[in-house]
Amino acid sequence: MMLEVKEVTLSFETRPILSSTSFSVQVNEVIAIIGPSGTGKSSLIKGMMGLIPFNHGEVLLNEAPLSPKTQTIGWIPQNYGLLPWQTVKQNIFSAVKLKQSKLSSEIMQHYHQLVLELGLVELENLFPGQLSGGQAQRVSIARALLLDPNLLFLDEPFSALDALTREKTQDLFVTQWQQQPVPTVVITHDVDEALFLGHRIFLLAGNPATVSKIWENPFWHQRITQSEKLLERFQLSDLIREELRHSCD
Ligand SMILES: Nc1ncnc2c1ncn2[C@@H]1O[C@H](COP(=O)(O)OP(=O)(O)OP(=O)(O)O)[C@@H](O)[C@H]1O
């Protein structure tokens, strides 16, 4: 299964946001997108999911146009996208219920595993308005993972978490993803997070923006402790930070 973005462009009214942008994401690949604030990262993934129309170009999954109607897309939006009138438990089940009328015992088991690992057991009966930002974010993560999606789009999925919970949740995410890899796009502002989550790291920059740099990342899913790799990793993260700084000028 391969996701292909072919020469997409995007404008809001007369304001160009994305110039012709093309790339592909393999089935067993996570790409991390970094870039200055307001460049169009969220708009790019919303366009890929079909939530907003591109002006030009196409998005294909296995050579067929990508549509939320035919694909199960896991999405963690920037504002968590929780339904305020539903409890944590109802929110986590909300996406999977749209796809399947009957919940199998595997789904129930997966649900219990996710709430346990994401530290949501005590929160199951609360409403989104009663949660902290980090708790709401974990609910949104559980909802996307329970869906067993064939594509994943994550918009700053761990940004509201404290450092320890963030590392734990990143580990949980990668473990879950490895059990069933799907083409995945993660937006992050954190270069270290991009290095942990992304097999490749894309810089979205320019005005209008496009993918202006791609780095292969040999440090995917590694919390580096070995000293010889520490220097290499530092050099790559320094290079990425430098490009990011330039693109913000
Ligand atoms: N629905 C919309 N209508 C008009 N303009 C929009 C709309 N959505 C986003 N924009 C504008 O498009 C630009 C790109 O926004 P987008 O949210 O995609 O950027 P981003 O790179 O994800 O930013 P951030 O890193 O701050 O989240 C911004 O200038 C934003 O104001």
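Per an unreviewed UniProt entry, the protein carries the name ABC transporter ATP-binding protein and comes from Vagococcus silagei.

I keep staring at the sheet that holds strand E3 (residues 30-34) and nothing clicks. Help me out?
Backbone hydrogen bonds are what pair the strands of a sheet, in a parallel or an antiparallel way. Taken in spatial order, the six strands of this open sheet run E6-E7-E8-E3-E9-E10, and their pairing is mixed. A single partner strand is all that each edge strand has here, and the edge strands are strand E6 (73-76) and strand E10 (210-216). Within the sheet, the average angular offset between the axes of one strand and its neighbour, ignoring direction, is 15°. Two elements, strand E7 (residues 151-155) and strand E8 (residues 184-187), share four bridges in a ladder whose sense is parallel.

Just checking my understanding: could you explain the environment of Ala95 for this structure?
If you trace the backbone, Ala95 turns up in helix H2 (residues 88-99). Ala95 sits in the buried class, given a relative accessible area of 18%. Separated by 20 residues in the primary sequence, Ala95 and Trp75 have C-alpha atoms spaced 9.8 Å apart. Contact partners of Ala95, with chain neighbours within four places excluded, come to Arg143 and Leu147.

Explain the layout of surface pockets here, please?
Leftover empty space is mapped by rolling, across the atoms, a probe with the size of a water molecule. By volume, the largest pocket is sized at about 430 Å³. Taken together, 18 residues form the lining of the largest pocket, with Ile73, Trp75, Ala95, Leu98 and Leu147 sitting closest to its centre. Taken together, the elements giving at least two residues each to the lining of the largest pocket come down to E6, H2 and helix H4 (133-146). In terms of residue count, H2 provides more of the lining of the largest pocket than any other element does, four residues in total. Its residues assigned to classes, the lining of the largest pocket shows eleven nonpolar, five polar and two charged. In terms of domain composition, the lining of the largest pocket takes at least three residues from each of domain 1 (3-71 + 150-248) and domain 2 (87-147). Of the voids in this model, the second largest pocket is the one considered here, and its volume is about 260 Å³. Lining the second largest pocket we find 16 residues, and of these His110, Leu145, Asp148, Gln176 and Gln180 sit closest to its centre. If you list the elements that add at least two residues to the lining of the second largest pocket, you get helix H3 (105-117), H4 and helix H5 (163-179). Looking at the lining of the second largest pocket residue by residue, the classes come out as nine nonpolar, six polar and one charged. Counting contributing residues, the lining of the second largest pocket receives three or more from each of domain 1 (3-71 + 150-248) and domain 2 (87-147).

Whenever I open this one, unusual backbone geometry confuses me. Can you help?
Trans is the common state for peptide bonds, and a negative phi is the common state for residues other than glycine. Geometrically, the link from Asn207 to Pro208 is a cis peptide bond, its omega value of 0° lying close to zero. Positive phi values are uncommon outside glycine, yet Asn62 reaches one of about 50°. Relative to the helices and strands, Asn62 is located in the loop between strand E4 (56-61) and strand E5 (64-65). A positive phi angle, close to 50°, is found at Glu156, a residue other than glycine. Its location among the elements puts Glu156 in the loop between E7 and H5.

Sorry if this is basic, but what is going on with the nonpolar core here?
Taken as a class, soluble globular proteins show a tendency for nonpolar side chains to be buried jointly. Counting 37 residues, the largest nonpolar core has Ile92, Leu120, Leu146 and Phe173 as the members making the most contacts within it. Listing elements by their share of this core, those giving two or more residues are H2, H3, H4, E7, H5 and helix H6 (191-197). For this core, the element with the most residues is H4, which contributes seven residues. Split by domain, this core shows at least three residues from each of two domains, domain 1 (3-71 + 150-248) and domain 2 (87-147). Beyond its immediate sequence surroundings of up to four residues, Ile92 is in contact with Tyr111, Val115, Leu120, Val139, Ala142, Arg143 and Leu146. Grouped together as the second largest cluster of nonpolar side chains are 28 residues, Leu10, Ile17, Phe23 and Ala209 included.

What counts and what doesn't
- Residues numbered from 1 in each chain as written.
- Predicted model: local features only at pLDDT ≥ 70, side-chain atom pairs only at ≥ 80, totals over all residues.
- Heavy atoms only, no water.
- Pairing = 2+ DSSP bridges.
- Helix = DSSP H or I, 4+ residues; strand = E, 2+ residues; numbered from the N terminus.
- Axes fitted to C-alpha atoms, helices over the stretch in contact; angles between N-to-C directions.
- Buried < 20%, exposed > 50% of the residue type's maximum accessible area, 1.4 Å probe, protein only.
- Contact = heavy atoms within 4.5 Å.
- 1 Å grid on protein atoms, 1.4 Å probe; cavity = no way out; pocket = protein on both sides within 12 Å on 5 of 7 lines; lining within 4 Å.
- Points joined across faces, edges and corners; volume = space filled by probe spheres on them.
- Nonpolar A, V, L, I, M, F, W, Y, C, P; charged D, E, K, R; others polar.
- Domains from an automatic or database assignment.
- Core = buried A, V, L, I, M, F, W, Y, C linked by side-chain atoms within 4.5 Å.

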